Amino acid sequence: MATPTGMGRIKNGPSIKDVALLAGVSAQTVSRVSNGAESVSTATRDRVVAAMDELGYSPNYAARALRNGSFGTIGVITQQLRRMGESLTTSAIVQAAEEQGYSVTLIQVKNPESGGLKQAAFRISHQAIDGLIVVRSGHATYGSLSLPPGLPVAVSDSRMIGFFPSVVADQVAGTRDAIHHLLDLGHRTVHHIAGAPDSQPALVRAATWQRTLGESGVSTPEPWEGDWTARSGYQIGVRIAGDPSVTAVYCANDEMAFGLMRALHEHGLRVPEDVSVVGFDGIDLSEFASPPLTTVRQDFDRIGRELFTLVHSQISTGVTAERQRVVVPTELLVRGSTAPPRTH
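What comes next is a walk through the structure.

Analysis parameters
- Throughout, a residue's number is its position along its own chain's written sequence, starting from 1.
- The predicted origin of the model limits local features to residues at a pLDDT of at least 70 and limits the giving and counting of side-chain atom pairs to 80 or more, whereas totals for whole chains, interfaces and linings rest on all residues.
- Note that water and hydrogens are dropped before the side-chain values are worked out from all heavy atoms of the structure.
- Every helix listed is a DSSP run of H or I at least four residues long, and every strand listed is a run of E at least two residues long, numbered separately from the N terminus.
- Each residue is assigned to one of three classes by its accessible area relative to the maximum for its type, calculated with a 1.4 Å probe on protein chains only: buried under 20%, partly exposed between the two thresholds, exposed over 50%.
- If the strands point away from the viewer and the path from the first strand over the helix to the second runs clockwise, then the crossover is right-handed.
- In this analysis, strands are considered paired if DSSP registers two or more bridges between them.
- Note on aromatic contacts: the rings of Phe and Tyr and the six-membered ring of Trp form a pair at centre separations within 6.5 Å, being stacked when their planes are under 30 degrees apart, edge-to-face when over 60 apart, and tilted otherwise.
- By the criterion adopted, a ring carries a charge over it if an Arg CZ or a Lys NZ lies within 6 Å of its centre and within 35 degrees of its normal.
- Put simply, buried Ala, Val, Leu, Ile, Met, Phe, Trp, Tyr and Cys residues joined by side-chain atoms within 4.5 Å make one nonpolar core.
- In what follows, a contact means two residues having at least one pair of non-hydrogen atoms within 4.5 Å.
- As a rule, the C-alpha atoms of each element are fitted with a line to give its axis, helices using only the stretch in contact, and angles between N-to-C directions run from 0 to 180 degrees.
- Oblique is the label for any angle not under 35 degrees, not over 145, and not in the 65 to 115 range, which are roughly parallel, roughly antiparallel and roughly perpendicular in turn.
- Throughout, a crossing is termed right-handed when the near helix is turned clockwise from the far one, and left-handed when it is turned anticlockwise from it by less than a right angle.

Both trends apply: most residues other than glycine have a negative phi, and most peptide bonds are in trans. Of the consecutive residues V271 and P272, the connecting peptide bond is found in the cis state with omega at 10°. As for its position among the elements, P272 is in the loop between α10 (254-266) and β11 (276-281). Note that the residue after S290, namely P291, is joined by a cis bond; omega there is 0°. Positionally, P291 belongs in the loop between β11 and β12 (294-297). Its identity as a non-glycine residue notwithstanding, W228 has a phi of 80°, on the positive side. Position of W228 relative to the elements: it lies in the loop between β9 (224-225) and α9 (230-241). Using a relative accessible area of 9% as the deciding quantity, one classes W228 as buried. One non-glycine residue with positive phi stands out, namely D281, at about 130°. Mapped onto the secondary structure, D281 falls in strand β11.

Right, let's get into the pairing of strand β3 (residues 73-78). Burial of β3 is extensive: six of the six residues sit out of reach of the surface. Burial along β3 is two-sided: T73, G75 and I77 and I74, V76 and T78, pointing in opposite directions, are all buried. In this fold, β3 hands off to helix α5 (residues 84-99), which returns the chain to strand β4 (residues 103-108); that crossover is right-handed. The pairing of β3 with strand β5 (residues 131-134) spans four bridges and is classified as parallel. Bridge pairing in β5 places G75 opposite L132.

Enumeration according to the criterion identifies two aromatic pairs in this entry. The interplanar angle of 70° and the centroid separation of 5.8 Å between the aromatic rings of Y102 and F308 together place this pair among those described as edge-to-face. Here F308 lies in helix α11 (residues 300-317) and Y102 lies in the loop between α5 and β4, a separation of 206 residues in the sequence. In terms of burial, Y102 and F308 fall into one category: buried. Across the ring face of F280, the terminal group of R205 is positioned such that the distance to the ring centre comes to 4.1 Å.

To continue, consider the nonpolar core. Counting 24 residues, the largest nonpolar core has I193, I240, V249, L260, L264 and V277 as the members making the most contacts within it. Mapped onto this core, the elements with two or more residues apiece are α9, β10 (248-251) and α10. The element contributing the most residues to this core is α10, with six residues. Not counting residues up to four positions away in its chain, the partners in contact with V277 are V249, C251, A257, L260, M261, L264, V271, L293, T294, S337 and T338. Counting residues in hydrophobic clusters, the runner-up holds 18 residues, among them L307, V311, V326 and V328.

Turning our attention to the sheet that holds β9. Pairing is mixed across the open sheet formed by six strands, whose spatial order is β9-β8-β10-β11-β12-β14. Of all the strands in the sheet, just β9 and β14 (331-333) have a single pairing partner and so form its edges. Both β11 and β12 contribute to a ladder of four bridges, which runs parallel. When the sheet's bridge partners are listed, V278 is paired in β12 with T294.

Quick look at the packing of α9 against α10 now. For the pair α9 and α10, the least separation of the axes is 6 Å and the interaxial angle reads 40°. The angle between the axes of α9 and α10 places the two elements in the oblique class. α9 and α10 meet at a crossing whose hand is right-handed. Taking contact as the criterion, the partners of A230, S232, G233, Y234, G237, V238, I240 and A241 in α9 are, on α10, E255, M256, G259, L260, R262, A263, L264 and E266.

Pasting the structure below:
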């Protein structure tokens, strides 16, 4: 509550001097505690924090930013948080930011092609942020962004690579590992359930699947287009169940693989005896599918942390390495959903 103080002025809540008086320290010590300085003893820090809590004091971060040029906040733009990969990556960014004393301002852009990305970038970059991370931006390109010059940026979207420091999973190697695994088991070809067409990772995985089959001298069947959901995998699985020529399917993510496996089961087909299934992502649930799902694991935690590290490094040093690219390896986890094709 605002209270009158001297000459008719209004005092909005407790001040740093009030905290200092209650804690028995100087205002400068309170400031050091607020800024996370390490040059304060544990006992003194605890006393100051207790005084802050008792008085309901909140440090004025906007004023601090004017003094030292830092807001302590990172902006994050993503496309669809309901998608597992984006959710896990964003969660890792938030965790990494918290560990370094940063908060996160998040904007989700559902339709980046409609100009939503440009609007979101403008909105978030003109808020109180020290840097920006773009997790996903669909088909939007570098020209879609309108950012203040010098703003630290990191991206994980393929279309932004080369313009900003980036972190990407090695999706090409992961897809190749999945296809070669199935071909090495003896399958004549590998069918594919692709991800949403507005997703750059889906396009990379589909293109690599097609290229790998071609390089192996194997015929390339027409892919099916999913939307990352288990429901789309199930619906496509109903069609696959009626085609006895299909013996191996590479799904662009684990959730669609789950839907496919249920559809096959409901139509009397066994995994992997009748159809082998491979997913992509390596989410925790994949280990507990029935049978356990063979999948390509992405390290979403590392991807998110590396993205934050790239931005934090730029904030700390003031140096931007536009072409810096961190490639996070993938890992093929072979489990019970793949086997040699059944001989008739």
